[in-house]
Amino acid sequence: MTLVSPTLRDEITANMRAAKARMWVRIKGGNRELTHYIAEVVLPVLTIGAYVILYKTLGLPPSLGAAVIIGGAMIAFWTNILWNMSAQWFWEKEMGNLEMYMVAPVSRMSVLLGMAMGGAINTSLRATGIILLGVFVFQVPFQVHDLLVAGLVFLLTVISLYGLGMVFASLYMLYGREAWHTNMLLQEPVFFLSGSYFPTIYVSVIPVWLQVTATLIPMTVGLDAIRRVTIQGQGLMAVWPHILALIAFIAILIPVARMALNYMENLGKREGRLTLRWQ
Amino acid sequence: MKRDISIETRALRRVFKGVPGAGDVVALDSVDLAIEEGEIFGLLGPNGAGKTTMIKILATLLLPTSGEAYVKGLEVSKNASKVRKIINLVSGGETPGYGILSVKENLWFFSQLYGLSRQGANERIKNLVTQLGLDNYIDTRMSKLSTGYKQRLNLARGFINNPSVVFLDEPTLGLDVLSAKQLRTMIKSWMTDGTKTVLLTTHYMAEADEMCNRVGIIDQGRILACDTPQKLKAKIASRPSWKIEVTPNIQELDTLKTVPGVIGVSEVSNIETGTSTLKLVLEDESVMSDLLSTINRNGSRVLNMGKSEPTLEDVYINLVGKGLQ
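Residues numbered from 1 in each chain as written. Chains lettered and ligands numbered in written order. Predicted model: local features only at pLDDT ≥ 70, side-chain atom pairs only at ≥ 80, totals over all residues. Heavy atoms only, no water.

Colleague: Help me understand unusual backbone geometry in this model?
Modeller: Most peptide bonds adopt trans geometry, and most residues besides glycine take a negative phi value. In the segment running from Thr247 of chain B into Pro248 of chain B, the intervening peptide bond is cis, with an omega of -15°. Located in the positive-phi region is Gln139 of chain A, a residue other than glycine, with phi close to 45°. Structurally, Gln139 of chain A can be placed in the loop between helix H5 (108-137) and helix H6 (147-175). Of note in this structure, Lys72 of chain B is not a glycine but carries a positive phi near 50°. (Helix = DSSP H or I, 4+ residues; strand = E, 2+ residues; numbered from the N terminus.)

This is how it looks when you write it as structure tokens:
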């Protein structure tokens, strides 16, 4: 029997269908339960609201309130695309779904892309809730002069998070529970370093070495750029180094993620742990 | 007519690292196998015999330690992505999918992992749902399905891409009699065009006897026999098979194996009635008097006994010396 080689177009179509389907599962699954809305929208809004109230009470500049609103909105994407997408690999394994994905003739990156896109769409609700809270309840000052640049920076940040998330996902493919624990261990320090609740770079109170370390996280760079564009009203001239850095992150992280996913898959196949549960 | 080889293994070996101090575990030991296109091939063996390891290697989920494995002429460890386009895998007892989605939604999702078009997916889902008796549950969430229906959904998933080769690893595990029968009917009708191949592992000898064109009996990673069920049974036709019901349960089954002329014995106990049904393969019938004396010495009483036609279980007992139970 001769097998007909599919064209590149067929391959791309199949992978896009897989990504779209996984995105759909995430959106549909997330939105079928009321508790999802409470966990996804109401609770984060309360946390961010608490920070804004604290800053106001302390008499700090209103721009700091705006910074935490932007940070809160971006945490939502950060959490969903990076942590949840990679951790989902662990749950898929526990549910017996990973075997199904591994036997399917589509790239693992497409499946993860679908998870990330679905997560991003679900998250936009939470982000919108936080921004509305900032604008209408706390009346924090936003000034966006260049929407295009704001959109570009946001997109690049999300793509770089997807790249980093895929690297983490490769660990979940094999290490399951250990990767889950590492995830929990890293989450809070990374939230702190990336400046989600207050700026951590270009501020004198944070040591320079820590600021430099923080810039190794794509979220730190993306968040600083978005804050500059949306709070300080700056444009392309002010954030082009950020854009270049984000492009560099993407250029490094996506191929690294691809290699890591392939490496971990092969290691799992060699050691017989690829679809082994309860690890 | 000579058919193309669909699945082939050559000196296939897989060794797993054992726990410290226990040594390595040889799951497959130089397995040579050739399965033709259009065949339903059954791999029979107890837990730990190497059946799932074999399927995982062929389904691109595991690498062999040495040897080669081919699906449709493609070496699986080197051509995983090509092989995945033409195969699917169903592991019995597993219920992959998302509980929050309905049967139809889950199947649509699986179809997209194989790049099916909207129309192609809908037609395929409709056919599978009808064949597997899922019509009334098509809009039911997977989390609300009973175990048997979840298993049917899993089976539908395994055929969603109309694969050329399907690996069914204990597909009827946990299924009720009706569901198991529906599955067998579905597989047989799916096989009618002669281009499909099924590699099935099972504990259920009767199922293998009914469904498989050929069976391979595997134990401790080695294929002990491989032929059609009829030929395998014919090979032991000269050796009488006996079914003996005793009470209370035999305490020392191994003592029966030591009786000269007893080739193998298996036992199925019924806790409720306190009885055991022994299946014995003997060299000849002169062994019977020694055997009955040994049963008596064990403190058991014979309730019922009779000669039976050889089954695949007898073939297994004949080869391994014990039953699958």
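Having seen the structure, we can now continue with the description.
Colleague: Would you explain helix H7 (residues 177-193) of chain A in this entry?
Modeller: Each full turn of the α-helix corresponds to 3.6 residues, which orients residues three or four apart in the same direction. Residues and elements named next belong to chain A. For H7, built from 17 residues, the straight-helix expectation of 24 Å at 1.5 Å per residue is met to within 8% by its first-to-last C-alpha distance of 25 Å. When the local axis directions of H7 are compared, the greatest deviation, roughly 30°, occurs at Gln187, which is followed within four positions by the proline Pro189. Looking at H7, one finds that the buried residues are Ala179, Asn183, Gln187, Val190, Phe191 and Leu193. Those residues of H7 hidden inside the fold are in contact with helix H3 (62-95), H6, helix H8 (208-214) and helix H9 (218-230). The first or second residue beyond H7 is Gly195, which carries a positive phi of 80°. (Expected span 1.5 Å × (residues − 1). Bend = angle between axes of the 7 residues up to and from the residue. Buried < 20%, exposed > 50% of the residue type's maximum accessible area, 1.4 Å probe, protein only. Contact = heavy atoms within 4.5 Å.)

Colleague: I tried to follow the side chain of Thr9 of chain B on my own but got confused; where do I start?
Modeller: All names here are of chain B. Within the secondary structure, Thr9 is located in strand S1 (residues 5-16). For Thr9, a relative accessible area of 2% gives the class buried. A polar contact of 3.0 Å, which involves the side chain of Thr9, links it to the backbone oxygen of Val31. Aside from chain neighbours lying at most four places away, what touches Thr9 is Val31, Asp32, Leu33, Met54, Leu58, Glu68 and Ala69. (Polar contact = N/O pair within 3.5 Å; in protein donor to acceptor, adjacent residues only side chain to side chain.)

Colleague: Just checking my understanding: could you explain the pattern of salt bridges for this structure?
Modeller: A side chain of one charge can pair with a side chain of the opposite charge when the charged atoms of the two come close. Residues and elements named next belong to chain B. This structure, assessed with the given rule, holds 23 salt bridges over all chains. Here Arg10 and Glu8 are joined by a salt bridge, their closest N and O atoms 3.3 Å apart. Its relative accessible area of 39% is what places Arg10 among the partly exposed residues. For the salt bridge of Glu210 with Arg184, the shortest nitrogen-to-oxygen distance reads 3.2 Å. Here Glu210, found in helix H7 (residues 205-211), pairs with Arg184, found in helix H6 (residues 177-190); they are 26 residues apart in sequence, far enough to count as distant. Looking at Glu210, the relative accessible area reads 43%, which means it is partly exposed. With a relative accessible area of 13%, Arg184 lands in the buried category. It is possible to trace a salt-bridge network through shared partners that takes in Arg184, Lys188, Glu207 and Glu210. (Salt bridge = Lys/Arg side-chain N within 4 Å of Asp/Glu carboxyl O.)

Colleague: Help me out: how do you make sense of the nonpolar core in this one?
Modeller: Among soluble globular proteins, nonpolar side chains are generally buried collectively. With 163 residues, the main nonpolar core has Trp89 of chain A together with Phe109, Leu113 and Phe167 of chain B as its most contacted residues. The element contributing the most residues to this core is H3 of chain A, with 17 residues. Setting aside residues up to four positions removed in sequence, Leu113 of chain B forms contacts with Ala18, Met100, Tyr101, Ala104, Pro105, Val106 and Val111 of chain A. Formed by 16 residues, the second largest nonpolar core is a distinct cluster that contains Leu278, Met288, Leu291 and Ile295 of chain B. (Core = buried A, V, L, I, M, F, W, Y, C linked by side-chain atoms within 4.5 Å.)

Colleague: In this structure, what is going on with the interface of chain B and chain A? I would like to understand it.
Modeller: Often, the extent of an interface is quoted as the loss of accessible area on bringing the components together. Taken together, the contact pairs 42 residues of chain B with 38 residues of chain A. Between chain B and chain A, the buried area comes to about 3,400 Å², and carbon and sulfur atoms account for 61% of it. At the boundary of chain B and chain A, one finds four salt bridges. Seen at the junction of chain B and chain A, the total is 15 residue pairs in polar contact (both at pLDDT 80 or more). For the side of chain B that touches chain A, the secondary-structure elements that each account for two or more residues are S1, helix H2 (80-84), strand S6 (87-91) and helix H3 (103-112) of chain B. (Buried area = accessible area lost by both parts, 1.4 Å probe.)

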